[in-house]
Amino acid sequence: MSATARDLGPPAAAQAAGIDPLPAAVVAHARASGAARIRRLLLATDLGEASASATDQAFELAASLGASLLAVSVIDPGSLLLPGGRYRARIDQVRERMERDAQALVARGRRTGIEVAFLVWTGDPGDQIVAAAEAESIDMIIVGSHGRGTVGRLLLGSVSEHVVRNARCPVLVVR
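S.K.: It is not clear to me how the packing of helix H3 (residues 52-65) against helix H4 (residues 91-112) should be interpreted in this structure. Could you clarify?
M.R.: The relative placement of two packed helices comes down to the angle between their axes together with the axis-to-axis distance. Where H3 meets H4, the closest approach of the two axes is 11 Å, and the angle between their N-to-C directions is 30 degrees. Our classification of the angle between H3 and H4 gives roughly parallel. Judged by the sense of rotation from one axis to the other, the crossing of H3 with H4 is right-handed. Contacts from Thr 55, Asp 56 and Phe 59 of H3 reach H4 at Leu 105, Arg 108, Gly 109 and Thr 112. Taken together, the residues that form the contact of H3 with H4 break down as 2 nonpolar, 3 polar and 2 charged.

S.K.: I'm lost on the packing of aromatic side chains in this one. Help?
M.R.: We describe a pair of aromatic rings using the distance from one ring centre to the other and the angle between the two ring planes. Scanning the model with the defined rule gives 0 aromatic pairs in all. Between Arg 108 and the ring centre of Phe 59, over which it is positioned, the NZ or CZ distance is 4.2 Å.

S.K.: What should I look at first to understand the packing of helix H5 (residues 125-135) against helix H7 (residues 159-166) in this one?
M.R.: At a closest axis distance of 8 Å, the pairing of H5 and H7 adopts a crossing angle of 40 degrees. Relative to H7, the element H5 is oriented oblique. The crossing of H5 and H7 is right-handed. Each of Pro 125, Gly 126, Asp 127, Ile 129 and Val 130 in H5 lies in contact with H7, whose residues at this interface are Val 159, His 162, Val 163 and Asn 166.

S.K.: Any chance you could explain H5 here in plain terms?
M.R.: Residue pairs three or four apart in sequence face the same way in an α-helix, which turns once every 3.6 residues. Inspection of H5 places Pro 125, Gly 126, Gln 128, Ile 129, Val 130, Ala 132 and Ala 133 among the buried residues, and these make up the whole buried set. Where the residues of H5 are buried, they touch strand E1 (40-44), strand E2 (68-75), strand E3 (116-122), strand E4 (140-144) and H7. Of the residues flanking the end of H5, it is Ser 137, one or two places downstream, whose phi is positive at about 55 degrees.

S.K.: I keep staring at H3 and nothing clicks. Help me out?
M.R.: End to end, H3 covers 20 Å across 14 residues, agreeing with the expected 20 Å (1.5 Å per residue, within 8%). Counting buried positions along H3 yields 10 of 14 residues, so the element is predominantly enclosed. Three or more residues of H3 are buried, namely Ala 54, Thr 55, Gln 57, Ala 58, Phe 59, Glu 60, Leu 61, Ala 62, Ser 64 and Leu 65. Backbone geometry just after H3 places Gly 66 at a positive phi near 70 degrees.

S.K.: Is there a simple way to explain the pairing of E4 in this structure?
M.R.: Side chains on a regular strand alternate between the two faces of the sheet. Taken across its 5 residues, E4 has 5 buried, putting it largely inside the fold. The two faces of E4 match: Met 140, Ile 142 and Gly 144 on one face and Ile 141 and Val 143 on the other face are all buried. Looking at chain direction, E4 and strand E5 (residues 171-174) are connected through 4 bridges and run parallel. Bridging across to E5, Val 143 finds its partner in Val 173.

S.K.: Even after reading the chapter, I still don't get unusual backbone geometry, so can you show me in this structure?
M.R.: Across the chain, the bulk of peptide bonds are trans and the bulk of non-glycine residues have phi less than zero. Non-glycine residue Leu 47 carries a positive phi angle of around 65 degrees. With respect to the helices and strands, Leu 47 occurs in the loop between E1 and H3.

S.K.: I keep staring at the pattern of salt bridges and nothing clicks. Help me out?
M.R.: Pairs can form between side chains of opposite charge whenever their charged atoms are close. Counted according to the given criterion, the structure contains 6 salt bridges. When the shortest N-O distance is used, the salt bridge between Arg 108 and Asp 56 registers 3.1 Å. Here Arg 108 is found in helix H4, whereas its partner Asp 56 is found in helix H3, with 52 residues between them in sequence. By relative accessible area, Arg 108 is classed as buried at 19%. A relative accessible area of 22% means that Asp 56 is categorised as partly exposed. With its nearest N and O atoms 3.8 Å apart, the salt bridge here joins Glu 96 to Arg 100. Placement of the pair is Glu 96 and Arg 100 together in helix H4, with a separation of 4 residues, close to one helical turn. Its relative accessible area of 51% is what places Arg 100 among the exposed residues.

Parameters and conventions
- Residues numbered from 1 in each chain as written.
- Predicted model: local features only at pLDDT ≥ 70, side-chain atom pairs only at ≥ 80, totals over all residues.
- Heavy atoms only, no water.
- Axes fitted to C-alpha atoms, helices over the stretch in contact; angles between N-to-C directions.
- Helix = DSSP H or I, 4+ residues; strand = E, 2+ residues; numbered from the N terminus.
- Parallel < 35°, antiparallel > 145°, perpendicular 65-115°, else oblique.
- Left-handed = near helix turned anticlockwise from the far one by under 90°.
- Contact = heavy atoms within 4.5 Å.
- Nonpolar A, V, L, I, M, F, W, Y, C, P; charged D, E, K, R; others polar.
- Phe/Tyr/Trp six-rings, centres within 6.5 Å; stacked < 30°, edge-to-face > 60°.
- Lys NZ or Arg CZ within 6 Å of the ring centre and 35° of its normal.
- Buried < 20%, exposed > 50% of the residue type's maximum accessible area, 1.4 Å probe, protein only.
- Expected span 1.5 Å × (residues − 1).
- Pairing = 2+ DSSP bridges.
- Salt bridge = Lys/Arg side-chain N within 4 Å of Asp/Glu carboxyl O.

Limitation: the analysis is restricted to geometry and does not speak to function.
Here is the structure:
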């Protein structure tokens, strides 16, 4: 039996929170391409506003598919460097803040009936997201995009682009 777009409407919690519904085409594609095997989703998040849309979509997709959600945040040591070689924060301080902030995702999962776990890794974000997906046997990755465009990717690199090119599983990029 195949599902129709109307069968895949957003969960009531998402509607109540005013979250944009996940495009029915994404859920329909996931189901048509073997959603029975899509049971573990990875949300790549920085726990900030840049990841808010991807977070909402990941929760909605997990609810629609009955999947568990693994949120992964990566500390990039290079981003902590100040000019002159000093660090603006220690990695352990950043990790502690991320783990504290991640508790909101775990609580959100409990409220909505979605199993949520959280990992903090250290290293290059693109590489570490791909490695986490492989290590945790993830079926699909959800990652946000800043939408910088071609020039921004050339100058700054793009975590989402790196993940799309290197992941062994499907990747949903959310703007």
